[in-house]
Amino acid sequence: MTCQDSLKALKKGVFKILCFIVTSARGCVVDSYGPLRLLETGNKLIELLEALDLSDEFLSKQRDKLNAVKFGSSDPEGMMRGLDDICTEFAKEWRGKYQKAG
Amino acid sequence: MSVSDAIKARRSVRQFADGEISKENILKLLDAGRLAPSGGNRQPWRFILVNEAENIEAIKLMSPGLYGVPSALIVICSFREKGKDSENGIYPIDPVMYMDIGMAAENIMLLAVELGIATCAVRSFSQKAVQSLLELPENVSPELIITLGYKAGEVKMPSKKPLEDLVYSERWGRTYDLPRFP
């Protein structure tokens, strides 16, 4: 994929996610699917990075975890524990990989 | 297949395998919707069949609750008759039509079980966006999308409240003597 092709694919991918976000926002005015929609957005962002060959093992692993918790609204305690774990992993990854790299 | 078996076997499927649904089966499903009961037999529904891939993709983009890649969609729309104020674009809203659309949807989904077709009812979508995509007139509004396809993998029944938690006898709070079902 050329750089130009990658940028086009990025723009199209981001546009699709924006459609999802704004439509979800409208729905969330009346429904209770906020956490699900946010996790789905995270899922879509990781998928986009994978499509552009910019993802890594950490993100792929977190995507599996996001998918495991996103339908957990019937078990709020379990969902919170799962998300606490994911949040902690992201914090460690940020410190170890992105913050140190500058 | 008995109606009872179809009720027990129906699942909300969100992952689909490839495979086109025959026109014959599509027509059967649409007819099942047509034959549903409605208040005053008003039949306040119009069915938009979507089975072109790019149109399914566009609707999916504006439907956060639509998962997977279905083979087809039946978009059940409310059709509101023009009332005496319709010159101002005001159409009477009758809440009963939402119940009617629900009944039509269930007819479609239960027949689909018999035909070996998987479905999911989707309400999380932008009505305005889908109305625009389908070029619907102002008095026709998309209310429920039924995704159709062939299921990819088994779907477990989600937990359901026991019958004894849902049924009372003669008045609220009075327990009805029910046998325990598995």
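A. Main features of the interface of chain A and chain B. The partner chain B presents 10 residues to the 12 residues of chain A that form the contact. Interface area lost by chain A to chain B is led by Lys16(A), Thr23(A) and Arg37(A), which between them contribute 48%. At the junction of chain A with chain B, the criterion picks out 1 salt bridge. For Glu57(B), the salt bridge identified is with Lys16(A), shortest N-O distance 3.5 Å. The dominant element in the side of chain A that touches chain B, judged by the number of residues it contributes, is helix α1 (residues 3-28) of chain A, at 5 residues. Considered class by class, the residues forming the side of chain A that touches chain B number 5 nonpolar, 2 polar and 5 charged.

B. Seen up close, the pairing of strand β4 (residues 118-122) of chain B. Residues and elements named next belong to chain B. Counting buried residues along β4, 4 of its 5 residues qualify, which places the element largely inside the surrounding structure. Pairing geometry for β4 and strand β5 (residues 140-151), over 5 bridges, is antiparallel. Looking at β5, one finds that Val122 is bridged to Ile145.

C. Structural view of the packing of aromatic side chains. By the definition in use, this model includes 4 aromatic pairs over all chains. Geometrically, the ring pair formed by Phe58(A) and Phe90(A) is edge-to-face, given 5.2 Å between the ring centres and 80° between the ring planes. Of this pair, Phe58(A) sits in helix α3 (residues 57-69) while Phe90(A) sits in helix α4 (residues 76-99), and the two are 32 residues apart along the sequence. The residue whose ring lies beneath Lys44(A) is Phe20(A), and the NZ or CZ to ring-centre distance is 4.8 Å. The ring of Phe79(B) has Arg46(B) lying over it, and the distance from NZ or CZ to the ring centre is 3.9 Å.

D. Examining the environment of Leu115(B) more closely. The topology assignment puts Leu115(B) in helix α4 (residues 96-115). Setting aside residues up to four positions removed in sequence, Leu115(B) forms contacts with Asn25(B), Lys28(B) and Leu29(B).

E. Expanded view of the nonpolar core. All names here are of chain B. Within the largest apolar cluster, 19 residues are counted, with the highest numbers of intra-cluster contacts made by Leu29, Ile74, Ile76, Ile146 and Leu148. Of the residues forming this core, the biggest block, 6 residues, is contributed by α4. Here Leu29 is in contact with Ile74, Ile108, Leu111, Ala112, Leu115, Ile117 and Leu148, once residues within four sequence places are set aside. Ranked by size, the runner-up nonpolar core spans 13 residues in total, among them Leu66, Leu73, Cys77 and Ile145.

F. View of the confidence of the model for chain A. On average, residues of chain A score 91 in pLDDT, and 96% of them are at 70 or above. Mean pLDDT values for the elements of chain A range from 90 in α4(A) up to 95 in α1(A).

G. Examining the environment of Leu7(A) more closely. Mapped onto the secondary structure, Leu7(A) falls in helix α1. It is 9.2 Å that separates the C-alpha atoms of Leu7(A) and Leu52(A), two residues lying 45 residues apart in sequence.

Criteria and cut-off values
Residues numbered from 1 in each chain as written. Chains lettered and ligands numbered in written order. Predicted model: local features only at pLDDT ≥ 70, side-chain atom pairs only at ≥ 80, totals over all residues. Heavy atoms only, no water. Contact = heavy atoms within 4.5 Å. Buried area = accessible area lost by both parts, 1.4 Å probe. Salt bridge = Lys/Arg side-chain N within 4 Å of Asp/Glu carboxyl O. Helix = DSSP H or I, 4+ residues; strand = E, 2+ residues; numbered from the N terminus. Nonpolar A, V, L, I, M, F, W, Y, C, P; charged D, E, K, R; others polar. Buried < 20%, exposed > 50% of the residue type's maximum accessible area, 1.4 Å probe, protein only. Pairing = 2+ DSSP bridges. Phe/Tyr/Trp six-rings, centres within 6.5 Å; stacked < 30°, edge-to-face > 60°. Lys NZ or Arg CZ within 6 Å of the ring centre and 35° of its normal. Core = buried A, V, L, I, M, F, W, Y, C linked by side-chain atoms within 4.5 Å. pLDDT = per-residue confidence, 0-100.

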